[in-house]
Amino acid sequence: MKNLRENAEKHSLFISDLHLCESRPHITAAFFQFLNTTAIKADALYILGDLFEYWAGDDDIEDPYLRPIIAAFKALATAGVKVYFMHGNRDFLISTSFCQAAHISLLQDPALILLDGKKVLLSHGDALCTDDVAYLTFRAQVRSPQWQTEFLSQPLPARKSIIESIRSRSEHEKTQKSAQIMDVNANAVADVLRAFDYPPLFIHGHTHRPHKHTLNVDGHTITRWVLGDWYEQGSYLKYDKNGCVSVKI
Ligand code: LP5
Ligand code: MN
């Protein structure tokens, strides 16, 4: 495996919004295929949130659905692929037990990384949807340590049932919101790019609107790549010395 990796061109892969769950077995199968045939040849795999449909707490890692996923991540680590994970709005309760079991490094949101000496900013993207005031109010509540401690103190089945209530409320409220409200806000994007000193590349997910945007922020040209979701079809962004290319699988 080492020789194969040394001969391959150095590259990193970016994915988000897989929403893995038992009820979408074809996407879980596509994910295993992606890990075993594509990600295994990469130097690094960055998962920018919403890997899972939801995450109720790390005490769920013995679930039979999760065990082969954890094993597949471990196999990547053994093959020398660095795997990074950033929380999404669905799986922000992923914590150290899962990350250690899967040999994954947790990234803060946003995170600035260097690829070939080039600054790249990464985010899930939900925090940039500043027009979605109802969501941001909900986000502030559930991201608070007190809320999480109280939530995690409840038994796992009770937590899953609360999450089901939140999901159905969220699905209903989304039908009342415009597409524009649920997209990133241009000023919020400019603010985070300014705060990180204008990285030339910004990659995020969440909106499920895959696209390459070219921005001008205070005279700096910045490429913003939005990753696609895996609801119907898997996709990833590949970065190498020649730049980024979006690939559907
Ligand atoms: O995920 P997506 O893209 O479909 O929708 C998001 C926003 N919705 C959410 C909710 C999640 O989808 C589902 C819940 C995940 C639970 C994770 C664990 C939580 C446990 C709590 C831990 C402490 O994030 C959606 C945005 C959309 O993105 C686009 O940006 O619009 O936001 C909403 O729809 C939120 C609503 O506007 C407000 C929801 C209030 C819920 C109140 C809960 C009351 C339930 C009481 C249960 C007893
Ligand atoms: Mn999301």
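You'll find the structure just up there.
Nothing here was measured: the structure is a model prediction, and the numbers come from that model. (Residues numbered from 1 in each chain as written. Chains lettered and ligands numbered in written order. Predicted model: local features only at pLDDT ≥ 70, side-chain atom pairs only at ≥ 80, totals over all residues. Heavy atoms only, no water.)

(A) Up close: the overall build of the protein. Across its full length, the protein carries 8 helices and 11 strands. Across its three principal axes, the protein shows a C-alpha extent of roughly 50 × 45 × 30 Å. Expressed as a percentage of its 249 residues, the buried residues of the protein come to 47%. Restricting the contact set of the protein to residue pairs at least 6 apart, pairs at least 24 apart contribute 68%. (Helix = DSSP H or I, 4+ residues; strand = E, 2+ residues; numbered from the N terminus. Buried < 20%, exposed > 50% of the residue type's maximum accessible area, 1.4 Å probe, protein only. Contact = heavy atoms within 4.5 Å.)

(B) Representation of the site of ligand 1. Within the structure, ligand 1 sits among 24 residues, and Asn-89, Arg-90, Asp-132, Glu-173 and Lys-174 are positioned closest to it. Arg-90 has a polar side-chain atom sitting 2.6 Å from an oxygen atom of ligand 1. Between ligand 1 and the protein, one listed contact pairs an oxygen atom with a side-chain N or O atom of His-206 at 2.8 Å. When ligand 1 sits alone it has 1,100 Å² of accessible area, and the protein chains cover 86% of it. Among the elements of the structure, α5 (133-142), α6 (145-152) and α7 (156-176) are those that each provide at least two residues to the shell around ligand 1. No other element matches α7, which puts 9 residues into the shell around ligand 1. Looking at the shell around ligand 1, its residues break down into 11 nonpolar, 5 polar and 8 charged. (Near = heavy atom within 4 Å. Polar contact = N/O pair within 3.5 Å; in protein donor to acceptor, adjacent residues only side chain to side chain. Areas by Shrake-Rupley, 256 points an atom, 1.4 Å probe, with all protein chains shown as cover. Nonpolar A, V, L, I, M, F, W, Y, C, P; charged D, E, K, R; others polar.)

(C) Main features of the pairing of strand β5 (residues 111-115). Judged by which residues are buried, β5 turns out to be one-sided: Ala-111, Ile-113 and Leu-115 face inward and are buried, whereas Leu-112 and Leu-114, on the alternate face, are not. Inspection of the sheet shows β5 paired to strand β6 (residues 118-123) by 5 bridges, in the antiparallel sense. In the sheet register, Ile-113 faces β6, and the bridge partner there is Val-120. Once β5 ends, the chain turns through 2 residues before running back antiparallel as β6, passing Asp-116 with a positive phi of about 50 degrees. (Pairing = 2+ DSSP bridges.)

(D) Representation of the packing of aromatic side chains in the model. With the rule as written, the count across this model stands at 11 aromatic pairs. Between the aromatic rings of Phe-52 and Trp-55, the centroid separation amounts to 5.0 Å while the plane-to-plane angle is 35 degrees, which identifies the pairing as tilted. Comparing Phe-52 with Trp-55, the two get one shared label, buried. Ring geometry for Phe-52 against Phe-98: centres 5.8 Å apart, planes inclined by 80 degrees, an arrangement best described as edge-to-face. Remark: Phe-98 occurs in helix α4 (residues 96-102) and Phe-52 occurs in the loop between β2 (44-47) and α3 (67-78); sequence separation between them is 46 residues. (Phe/Tyr/Trp six-rings, centres within 6.5 Å; stacked < 30°, edge-to-face > 60°.)

(E) Looking closely at the coordination of the manganese ion (ligand 2). Taken together, Asp-50 (OD), Asn-89 (OD1), His-124 (NE2) and His-206 (ND1) make up the full set of protein donors to the manganese ion (ligand 2), lying 2.1 to 2.3 Å away. All donor residues of the manganese ion (ligand 2) come from one chain, and their arrangement in sequence is D-x38-N-x34-H-x81-H. With His-124 in the loop between β6 and α5 and His-206 in the loop between β7 (201-204) and β8 (211-217), this pair connects stretches of sequence that are 82 residues apart. The residues His-124 and His-206 share a single accessibility class, namely buried. (Donors = N, O, S within 2.8 Å, 3.2 Å for Na, K, Ca; no water.)

(F) Inspection of the pattern of salt bridges at higher detail. All told, the structure shown has 18 salt bridges when counted by the stated rule. Between Glu-53 and Arg-167 there is a salt bridge, and its shortest N-O distance comes to 2.4 Å. One end of the pair, Glu-53, is in the loop between β2 and α3; the other, Arg-167, is in helix α7, with 114 residues separating them in the sequence. On the accessibility criterion, Glu-53 (7% relative accessible area) is buried. The exposure class assigned to Arg-167 is partly exposed, which follows from its relative accessible area of 25%. Of the charged contacts in the structure, one is a salt bridge between Arg-194 and Asp-218, with a shortest N-O distance of 2.6 Å. In this pair, Arg-194 is assigned in helix α8 (residues 186-195) and Asp-218 in the loop between β8 and β9 (220-226), connecting sequence segments 24 residues apart. Among the residues examined, Arg-194 registers a relative accessible area of 36% and is labelled partly exposed. Among the ionic contacts, a cluster of salt bridges with common partners joins Arg-24, Glu-53, Arg-90, Glu-164, Arg-167, Glu-171 and Lys-174. (Salt bridge = Lys/Arg side-chain N within 4 Å of Asp/Glu carboxyl O.)

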